Amino acid sequence: MAEPVEIRKIGIVGAGQMGSGIAQVCAQTGYAVSLADISEEFLEKAVTGISSRLQRLVDKERLTQDDLDTAISNIATTTDYVAFGDCDLVIEAATENEEIKKAIFEKLIPALREDATLATNTSSISITRLAAATDRPELFIGMHFMNPVPVMKLVELIKGIATDDATYNAVNDVVAKLGKTSITSEDFPAFIVNRILVPMMNEAIYVLQEGVGGVTDIDGAMKLGANQPMGPLELADFVGLDTCLAIMQVLYDGFADSKYRPCPLLVKYVEAGWLGRKSGRGFYDYTGDKPVPTR
Ligand code: 3HC
């Protein structure tokens, strides 16, 4: 059985919100990064985003121009998993959809070294089930970053039933090198953070649907009354309403408990393509200078 090797080069699948954030922190802390997505356009957008976030840190004198240049030079982009052939760790950060993730693993695995560790940034799906779809369950682990990745201190680590302790230890070392703190969750639907956080956002959407309060009342209540940095509707828009719905669905199916039923208003927004910030509209309209509540 292959043992994990020391991690120096990290491959990342998916250059969206999470993947590009993970690429940024890995590159900033000295890892060589290979960032993959299906189109050059997504990759260019990701690298431009990373550069401008790093530039802001340079402007604030938190980073030197040399650090910025080194971080950017640590990132290579690719549309072909062949580039992952010398990666020690690959982190899958694609859409929160089990079939998409499994299809990625099928294409990705032939390109990997047999001792490469494979992590998934899934926010809710069973690690044991995803691991079973790969050739390396003992080298497979859940590595759940929070959004925005460069700011949030936590990485949740989730062992599947077959994950080796050596895999956990190697990935835990990476988390520490990234300057983040890990907590460990057992492999239950949505783990710890999203098991608690996403039903709270779903409940806020019920509160909105029932007319108990408007968007401003609900977010204001939780910001001022519970010291949350973002209100639950603002946070749902930030995370992505499609992701929130996918997580509620995993909870609902995984526990077969009606307390996790997705709010019908959340379902309707996703059906309308109102996915939050990324689509320009969710519980707020983001097309103008400032977000405007829509209800
Ligand atoms: N990317 C990188 N950095 C960002 C950022 C982004 N998208 N948004 C803000 N920042 C940085 C800013 O540059 C600033 O940095 P500085 O303090 O070094 O100057 C810092 O964050 C604070 O930003 P602002 O002053 O502009 O704004 P706020 O004080 O309102 O903070 C926030 C922004 C940190 C995003 C804060 O609103 C927050 O903590 N929100 C809650 C985030 C949260 O709960 N995330 C978890 C979501 S659940 C999850 O991710 C799990 C997933 O599976 C669903």
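Procedures and definitions
- Residues numbered from 1 in each chain as written.
- Predicted model: local features only at pLDDT ≥ 70, side-chain atom pairs only at ≥ 80, totals over all residues.
- Heavy atoms only, no water.
- Domains from an automatic or database assignment.
- Contact = heavy atoms within 4.5 Å.
- Buried area = accessible area lost by both parts, 1.4 Å probe.
- Polar contact = N/O pair within 3.5 Å; in protein donor to acceptor, adjacent residues only side chain to side chain.
- Nonpolar A, V, L, I, M, F, W, Y, C, P; charged D, E, K, R; others polar.
- Near = heavy atom within 4 Å.
- Areas by Shrake-Rupley, 256 points an atom, 1.4 Å probe, with all protein chains shown as cover.
- Helix = DSSP H or I, 4+ residues; strand = E, 2+ residues; numbered from the N terminus.

Visitor: So what's going on with the domain arrangement of the protein chain? Residues and values would help.
Guide: Accessible area lost on assembly of the parts is the figure often given for the size of an interface. Partitioning the protein chain into domains gives domain 1 (9-185) and domain 2 (195-293). Each of domain 1 and domain 2 has a C-alpha centre, and these two points are 26 Å apart. Between domain 1 and domain 2, the residue contacts involve seven residues of the former and six residues of the latter. Contact between domain 1 and domain 2 buries roughly 540 Å² in total, counting both sides, with carbon and sulfur atoms accounting for 64%. Linking domain 1 with domain 2 are zero residue pairs in polar contact (both at pLDDT 80 or more). Grouping the amino acids of the side of domain 1 that touches domain 2 by side-chain chemistry returns two nonpolar, four polar and one charged.

Visitor: Got a sec to walk through the site of the ligand? Specific residues and values, please.
Guide: Among the 17 residues in the neighbourhood of the ligand, the closest are listed as Lys 60, Arg 62, Ser 123, His 144 and Asn 147. Measuring from an oxygen atom of the ligand, one finds a side-chain N or O atom of Arg 62 at 2.3 Å. Contact between the ligand and His 144: an oxygen atom at 2.6 Å from a side-chain N or O atom of the residue. In isolation the ligand exposes 1000 Å². Once the protein is present, 62% of that is buried. Residue assignment for the shell around the ligand shows that the elements contributing at least two residues are α7 (193-209) and α9 (232-239). Of the residues assigned to the shell around the ligand, the class counts are ten nonpolar, four polar and three charged.

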